[in-house]
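# Remarks on the overall topology
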Amino acid sequence: MNDGPHIELDRLIGVARKRLDGEDGAHDRRERMGRLQIEIDARRGRRAHLRRWAPRIAVGLVAAAVAVLVLAPRRGSQLALEVVHGTLASTGYIQSMDRGGAELRFSDGTRVSLQDDTRLRVSAISRVGAQLLLENGSSHVSVVHTPRAEWAVEAGPYEVVVTGTEFDVSWSAADEVFELRMQRGSVLVRGPLLPAGATVSTDQSLLVRLRDGQAQWTTRRATGSSAAAPEPSLPAMDETISS
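Residues numbered from 1 in each chain as written. Predicted model: local features only at pLDDT ≥ 70, side-chain atom pairs only at ≥ 80, totals over all residues. Heavy atoms only, no water.

## Observations concerning the pairing of strand E14 (residues 204-209)
Here is the rule: Summary of the burial criterion: residues with accessible area below 20% of their type's maximum are buried, those above 50% are exposed, and those between are partly exposed, where the area comes from a 1.4 Å probe applied to protein chains only. Runs of H or I in DSSP of at least four residues are treated as helices and runs of E of at least two as strands, each being numbered from the N terminus. One requirement defines pairing of two strands: DSSP has to find at least two bridges between them.
Most of E14 is tucked away: five of the six residues are buried. Here five bridges tie strand E11 (residues 177-184) to E14, and the two strands are oriented antiparallel to one another. Following the sheet pairing, Phe-178 is matched in E14 by Val-208.

## Some points on empty space enclosed by the protein
Over the atoms a probe the size of a water molecule is rolled, and this reveals where empty space is left. Applied cut-off: The definitions used throughout rest on a 1 Å grid laid over the protein atoms alone, on which a cavity is an enclosed set of points accommodating a 1.4 Å probe that cannot get out and a pocket is an open set flanked by protein within 12 Å on both sides along at least five of seven lines; lining residues are those having an atom within 4 Å of a point. Grid points are joined across faces, edges and corners, and a volume is the space filled by probe spheres set on the points. Residue classes follow a fixed rule: Ala, Val, Leu, Ile, Met, Phe, Trp, Tyr, Cys and Pro count as nonpolar, while Asp, Glu, Lys and Arg count as charged, and any other residue, Gly among them, counts as polar.
Per the counting criterion, the structure on display carries one cavity of 30 Å³ or more. In this structure, the largest cavity occupies an estimated 30 Å³ of space. Here the lining of the largest cavity is built from residues that sort into nine nonpolar, no polar and no charged.

## Section: the packing of aromatic side chains
Quick reminder of the rule: Note on aromatic contacts: the rings of Phe and Tyr and the six-membered ring of Trp form a pair at centre separations within 6.5 Å, being stacked when their planes are under 30 degrees apart, edge-to-face when over 60 apart, and tilted otherwise.
For the structure shown, the criterion picks out three aromatic pairs. The interplanar angle of 55° and the centroid separation of 6.3 Å between the aromatic rings of Tyr-158 and Trp-171 together place this pair among those described as tilted. One end of the pair, Tyr-158, is in strand E9 (residues 158-162); the other, Trp-171, is in strand E10 (residues 166-172), and 13 residues separate them in sequence. Each member of the pair, Tyr-158 as well as Trp-171, is classed as buried. When the centroid spacing of 4.8 Å and the interplanar angle of 25° are considered together, the rings of Tyr-158 and Phe-178 count as stacked. Here Tyr-158, found in strand E9, pairs with Phe-178, found in strand E11; they are 20 residues apart in sequence, far enough to count as distant. By relative accessible area, which is 1% here, Tyr-158 ends up buried.

## A look at the environment of Ala-155
Here is the rule: Contact definition: two residues touch when any of their heavy atoms are within 4.5 Å.
On the secondary structure map, Ala-155 appears in strand E8 (residues 151-155). Put simply, Ala-155 and Ala-173 are 18 residues apart on the chain and 9.3 Å apart in space, counted from C-alpha to C-alpha. Apart from the residues within four sequence positions on either side, Ala-155 is in contact with Leu-134, Val-169, Trp-171 and Phe-178.

## Notes on the pattern of salt bridges
Applicable threshold: Any Lys or Arg side-chain nitrogen located within 4 Å of an Asp or Glu carboxyl oxygen qualifies as a salt bridge.
Scanning the entire structure with this criterion turns up seven salt bridges. For the salt bridge of Arg-211 with Glu-176, the shortest nitrogen-to-oxygen distance reads 4.0 Å. Here Glu-176 lies in the loop between E10 and E11 and Arg-211 lies in the loop between E14 and strand E15 (214-219), a separation of 35 residues in the sequence.

## A closer look at the side chain of Ser-142
Rules: Whenever a nitrogen or oxygen atom comes within 3.5 Å of another N or O atom, the pair is scored as a polar contact, on the condition that within protein one atom can donate a hydrogen and the other can accept it, and that pairs from neighbouring residues in sequence are kept only if both atoms are in side chains.
Within the secondary structure layout, Ser-142 lies in strand E7 (residues 130-142). Reaching out from Ser-142, the side chain makes a polar contact with the side chain of Arg-184 at a distance of 3.4 Å.

## Re unusual backbone geometry
Positive phi outside glycine occurs at Glu-176, with the angle close to 55°. A residue is classified by how much of its surface remains accessible, and Glu-176, at 28% relative accessible area, is partly exposed. Unlike most non-glycine residues, Leu-193 shows phi in positive territory, near 70°.

## Observations concerning the environment of Gly-197
Note that Gly-197 resides in strand E13 (residues 194-201). Given a relative accessible area of 27%, Gly-197 falls into the partly exposed group. For the pair Gly-197 and Tyr-158, spaced 39 residues apart in the sequence, the C-alpha separation amounts to 10.0 Å. Excluding its chain neighbours within four sequence positions, the residues that come into contact with Gly-197 are Leu-188 and Val-189.

## Digging into the nonpolar core
For clarity, the threshold we go by: The set of buried Ala, Val, Leu, Ile, Met, Phe, Trp, Tyr and Cys residues whose side-chain atoms join them within 4.5 Å is what this entry labels a nonpolar core.
Core analysis: the largest hydrophobic core is formed by 37 residues, its most contacted members being Val-160, Phe-167, Val-169, Phe-178, Leu-180, Val-187 and Val-189. Looking at which element gives the most residues to this core, the answer is E7, with four residues. Phe-167 has contacts with Ser-139, His-140, Val-141, Val-153, Val-160, Val-162, Leu-180, Arg-181, Met-182, Gln-183 and Val-187, leaving out every residue within four places of it along the chain.

## A short note on the confidence of the model for the chain
What counts here: pLDDT expresses, on a scale from 0 to 100, how confident the predictor is about each individual residue.
Per-residue confidence for the chain gives a mean pLDDT of 76, with 60% of residues at or over 70. Under a pLDDT of 50 for its full length, residues 59-75 has, in the predicted model, one contact with residues more than four places off or in other chains. Every residue in residues 224-243 scores below 50 in pLDDT, and together they form 40 contacts with partners more than four places removed in sequence or on other chains.

In structure tokens form, the structure reads like this:
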């Protein structure tokens, strides 16, 4: 059997295959180059687009940041204060605008109501409380109990340390008389004639006549036949301590 024609045919097929492979390789290279050029053009277009919109994007980001600062409370910032029926002077004094007295409303829910002709100054505000200076007159204080609350009312030479409670406090500069009437909770009172401080609790009152050197505690008994009288944690009813 003569194999010559078959060998020649195989050679021709091999040559054709190599040519086809070469053409396919070139075609693939051209296709890859085309895709690469398209990607380069696309990236150039995106960069040009960003350059055109960069100023607007920057303005938008700044506006968004300002909105976040205004609308979202900053961590660790002080309590907000609103004065109703009055104004807050730059010196911290509360100025009543009409009869009935002003009211201080703090953002944690604490309320301080001032009676007529009461002179009170907000000396400090923090994120957990405030310090109030009662120079003359009377105030009703209702402090919301919160973790790590720090509230204090200075009434003349006396300091009322509060964590969460409700009471009435007054100081007469002319008569040198301090009075505290508790409604709920407890406070610690420091000042003259109270060397170790005095804890005043629910339904108890403390009256100090500084000029006479007298401090007097009283306990209000519960009303109603079914209500039991609370045990006093301070000196007995109407007991007077003299210096």
